[in-house]
Amino acid sequence: LDRVLNKKTCRKVLDIGCGSGILAIGAALLGHRVMAIDIDEEAIGNAQINAEHNRLLDAILFQVAQPEDIDEAFEIVVANIIAPVLIEIAPAIQRTCSHDLVLSGLLANQEHDVRKAYGDWDVHDRHTIGDWIILHMRPKS
């Protein structure tokens, strides 16, 4: 997240499947405008508490929603979700992102299937942490 967001002017960031809110909080700390969504009301509640602990509750718009519910584009979209869900919601995620897409939560043996689901996107950068993969993608030109 730091590599994608740090030292950039304020951008619109969408955190899909925000869970605890850590990515949304990180983006807000780096000075970006953030919307964080999750399908789980309890996750949204926990994320709001975590944002409040970091004095960022007013800096992040939290919403119980599916990616399909989002009708605006964001310059940067982050999603730390298991690979089968990343694949299932790929069309909605791609529709919401205009420039930088960061996908994590996938294992090395799932990378091929995830990349196939995001076929209109090129891998700009790839990181591994143990068996886990992080893909930073951009639309194909």
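Structure's up top.
Within any chain, residue numbers begin from 1 and follow the written order of that chain's sequence. Confidence filtering applies because this is a predicted model: local features only for residues at pLDDT of at least 70, side-chain atom pairs given and counted only at 80 or more, and all residues used for totals across whole chains, interfaces and linings. Note that water and hydrogens are dropped before the side-chain values are worked out from all heavy atoms of the structure.

1. Some points on the nonpolar core
- Think of a nonpolar core as a cluster: buried Ala, Val, Leu, Ile, Met, Phe, Trp, Tyr and Cys residues, connected wherever their side-chain atoms sit within 4.5 Å. Burial status follows relative accessibility: with a 1.4 Å probe on protein chains alone, a residue under 20% of its type maximum counts as buried, one over 50% as exposed, and anything between as partly exposed. In terms of nonpolar packing, the biggest core is built from 25 residues, with I16, I93, L101, L103 and Y118 touching the most fellow members.
- Per-element accounting of this core gives the leading share, four residues, to strand β5 (residues 97-107).
- By size, the runner-up hydrophobic cluster in this structure holds 19 residues, among which are V4, A24, A36 and I60. Labels follow the DSSP assignment, with helices taken as runs of H or I lasting at least four residues and strands as runs of E lasting at least two, numbered in each case from the N terminus.

2. Quick word on helix α3 (residues 41-53)
- In this analysis, the expected span of each helix is defined as 1.5 Å times one less than the number of residues it contains. End to end, α3 covers 19 Å across 13 residues, agreeing with the expected 18 Å (1.5 Å per residue, within 8%).
- Of all the residues in α3, the buried ones are A43, I44, A47 and A51. Buried residues along α3 cover an arc of 100 degrees about the axis, so they all sit on one side. The exposed residues of α3 that point more than 90 degrees off its buried face are E41, E42, E52 and H53. Taken from the helix axis, the directions to the C-beta atoms give the arc we talk about.

3. Focus: the packing of aromatic side chains
- Aromatic rings from Phe, Tyr and Trp, with only the six-membered ring used for Trp, were paired whenever their centres fell within 6.5 Å, and each pair was classed as stacked if the ring planes differed by under 30 degrees, edge-to-face if by over 60, and tilted otherwise. Tallied over the full model, the rule gives zero aromatic pairs.
- Lysine and arginine charges are scored as sitting over a ring when NZ or CZ, respectively, is within 6 Å of the ring centre and within 35 degrees of the ring normal. Above the plane of the ring of F74 lies K12, whose end atom (NZ or CZ) is 5.0 Å from the centre.

4. A word on the side chain of D100
- If you trace the backbone, D100 turns up in strand β5.
- At 2.5 Å, the side chain of D100 forms a polar contact with the side chain of H99.
- Identification of polar contacts relies on pairs of N or O atoms within 3.5 Å, with a donor-acceptor requirement for protein atoms, meaning one able to donate a hydrogen and the other able to accept it, and with residues adjacent in sequence counted only if both atoms are side-chain atoms. A polar contact is formed between the side chain of D100 and the side chain of R138, at a distance of 2.7 Å.
- Contact definition: two residues touch when any of their heavy atoms are within 4.5 Å. Beyond its immediate stretch of four places on either side in the chain, D100 contacts V4, K8, E75, I76, V77, H136, M137 and R138.

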